[in-house]
Amino acid sequence: MTVYNFSAGPAMLPKPVLAQIKEDIPSFQNSGMSVMEISHRSNLFDNVIADAENDLRELMQIPDNYKVLFLQGGATLQFTAMPMNLATQYNRIGLIDTGHWSIRAGEEAEKIGTEVETIATSKQYHYHQLPEDIDDGNQYDYIHLTTNNTIEGTAFTKLPQTNQTLVGDMSSNFLAQQYKVADFGAIYAGAQKNLGIAGLTVVIVRDDLIGKKKLPSMLDYQLLANKNSMLNTPPVFAIYAAGLTLKWLKEIGGIAAMEKINRQKSALLYQFLDQSKLFNNLIKPADRSLTNISFVTGDKKIDRAFIEQAAQRGLVNLKGHRLVGGMRASLYNAMPLAGVTALTDFLDEFEQTQEAK
Ligand SMILES: *Cc1c(COP(=O)(O)O)cnc(C)c1O
């Protein structure tokens, strides 16, 4: 049985990436060692990390005045590291509240004494849409924005208008749709959704924003950049896996080609949901995410039955996040169109069975 994994993260990897990992495991580039065993100070690994950075720069067209960091601690650690490094002038950030992860970013910044002002929220809409406008009248070191709201299922396609520095948590739509790096002062993303496996977090940061004060070494972007992300032992295997995923994405045709496929995939599911009498997506159409699509029937028992029966067909991890309930299908880059077709076919079949009852 073909299994399609709709998990929100850790998520599916592209099949060719898994095949390459399998091939490389016993002996990476004829070294007689697996990539998990090689030194991070070896030429072998130097090439792995340099290729990963170059491919990422090429794919995202990252300008030269931005540093690319390969770090650990997940996106969650960046909720702390970002204000430590960037909130140095006003000690104040503006928060665009679009749901759970944006709130978490604010909470962690407050813990280190950064002032956090919510300058826009869509809470009154139960986060079923994005905020209509932002109030950036005050001065902020940066404005924090979650480009894709993994749990709620919204995403920014157009960024809010502001002259102030934007910082984007791009964890769940990194490399899934096109953004201009120069529109941000910094971007961060955990790798386990669109870039490979857990244990790696990518930070892309404009070089004039960092190096403003002394910080603990492992949180100091300037120091980490000076050391090419190798201040200590980096997550060698996760960087290698990200490198393979980036090569795969280049072969597909890059982010523009990937976005086209992602639009096709998500449109297929949204179209089904919009005509369905049983399943409902509650998100305002203009603000819908390409990568995380939640839906409900309004009846918890039916939701449960659907999730269980879908799993028996190999459509796994469709349970919605506990905060919103229902179902969620995560359609990250590695999810093929065939997986979405299998899902809509089964949604249709399930609905007809319900109607017949
Ligand atoms: C998953 C996710 C996080 C948390 O990522 P970790 O790497 O587990 O810390 C943060 N923000 C967003 C938008 C996410 O989707």
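Residues numbered from 1 in each chain as written. Predicted model: local features only at pLDDT ≥ 70, side-chain atom pairs only at ≥ 80, totals over all residues. Heavy atoms only, no water.

1. Re the overall build of the chain
Note the cut-off: Each helix corresponds to a stretch of at least 4 residues labelled H or I by DSSP, and each strand to a stretch of at least 2 residues labelled E; elements are numbered beginning at the N terminus. Computation of the radius of gyration draws on C-alpha atoms alone. For the globule rule, the value is 2.2 Å times the number of residues to the power 0.38. Per-residue accessibility, obtained with a 1.4 Å probe over protein chains only, is compared with the maximum for each type, and a residue is labelled buried under 20%, exposed over 50%, and partly exposed between these values. Contact criterion: two residues are considered in contact whenever any of their non-hydrogen atoms come within 4.5 Å of each other. Here the accessible surface of atoms and residues is derived via Shrake-Rupley with a 1.4 Å probe, and residues count as covered only by protein chains that are part of the display. When charges are counted, Lys and Arg contribute as positive and Asp and Glu as negative, whereas His and the chain ends are disregarded. Charge positions come from single atoms, namely NZ of Lys, CZ of Arg, CG of Asp or CD of Glu.
Each helix and strand in the chain was counted, giving nine helices and 13 strands. Here the C-alpha radius of gyration of the chain, 21 Å, is about what a compact globule of 357 residues would show, namely 21 Å. Seen through its principal axes, the chain has C-alpha atoms that stretch 65 × 60 × 30 Å. For the chain, the residues scored as buried account for 56% of the 357 residues in total. Counted over contacts in the chain with a minimum sequence separation of 6, partners at least 24 positions apart contribute 67%. Working note: accessible area of the chain is about 15900 Å², and carbon and sulfur atoms make up 48% of it. Counting 33 positive and 38 negative side-chain charges, the chain places the centres of these two groups 3 Å from one another.

2. Section: the domain arrangement of the chain
Selection criterion: A domain assignment, automatic or from a database, supplies the domain bounds used here. The term buried area means the drop in 1.4 Å probe accessible area that two parts suffer when joined, counted for both and summed. We define a salt bridge as a side-chain nitrogen of Lys or Arg found within 4 Å of a carboxyl oxygen belonging to Asp or Glu. Polar contacts here mean pairs of N or O atoms no more than 3.5 Å apart (in protein, one a potential hydrogen donor and the other a potential acceptor; neighbouring residues in sequence count only if both atoms are side-chain atoms). Gly counts as polar in this scheme, as do all residues outside two lists: the nonpolar Ala, Val, Leu, Ile, Met, Phe, Trp, Tyr, Cys and Pro, and the charged Asp, Glu, Lys and Arg.
As far as domains go, the chain holds domain 1 (15-251) and domain 2 (254-356). Between domain 1 and domain 2, the C-alpha centre-to-centre distance is 27 Å. Contacts between the two partners involve 27 residues from domain 1 and, on the opposite side, 25 residues from domain 2. Together, the buried faces of domain 1 and domain 2 total about 2200 Å²; carbon and sulfur atoms form 55% of this surface. Applying the counting criterion to the domain 1 and domain 2 interface returns zero salt bridges. For the interface between domain 1 and domain 2, the tally reads 14 residue pairs in polar contact (both at pLDDT 80 or more). Where the side of domain 1 that touches domain 2 is concerned, the elements lending two or more residues are α2 (43-60), β7 (154-155) and α6 (236-252). Residue contributions to the side of domain 1 that touches domain 2 peak at three residues, all from α6. Looking at the side of domain 1 that touches domain 2, its residues break down into 11 nonpolar, 13 polar and three charged.

3. Here we look at helix α3 (residues 74-86)
Put simply, the rule is: A helix is expected to span 1.5 Å for every residue after the first. To get the bend at any residue, fit one axis to the seven residues that end at it and another to the seven that begin at it, then take the angle between the two axes.
When the terminal C-alpha atoms of α3 are compared, their 18 Å separation across 13 residues agrees well with the 18 Å that a helix rising 1.5 Å per residue should span. The principal kink in α3, of about 30 degrees, is found at threonine 80, preceding the proline proline 83 by one to four residues. The complete set of buried residues in α3 reads Ala75, Gln78, Phe79, Thr80, Ala81, Met82, Pro83, Met84, Asn85 and Leu86.

4. Things to note about the site of the ligand
Stated precisely, the cut-off is as follows: Nearness of a residue to a molecule or strand requires only that one of the residue's heavy atoms be within 4 Å of it.
Surrounding the ligand, one finds 13 residues, the nearest of these being Thr76, Thr150, Asp169, Gln192 and Lys193. At 2.5 Å from an oxygen atom of the ligand is found a side-chain nitrogen or oxygen belonging to threonine 76. Expressed as a share of its isolated accessible area of 390 Å², the protein-covered part of the ligand is 86%. With four residues, the top contributor of residues to the shell around the ligand is α3. Along the lines of polarity and charge, the residues of the shell around the ligand split into three nonpolar, eight polar and two charged.

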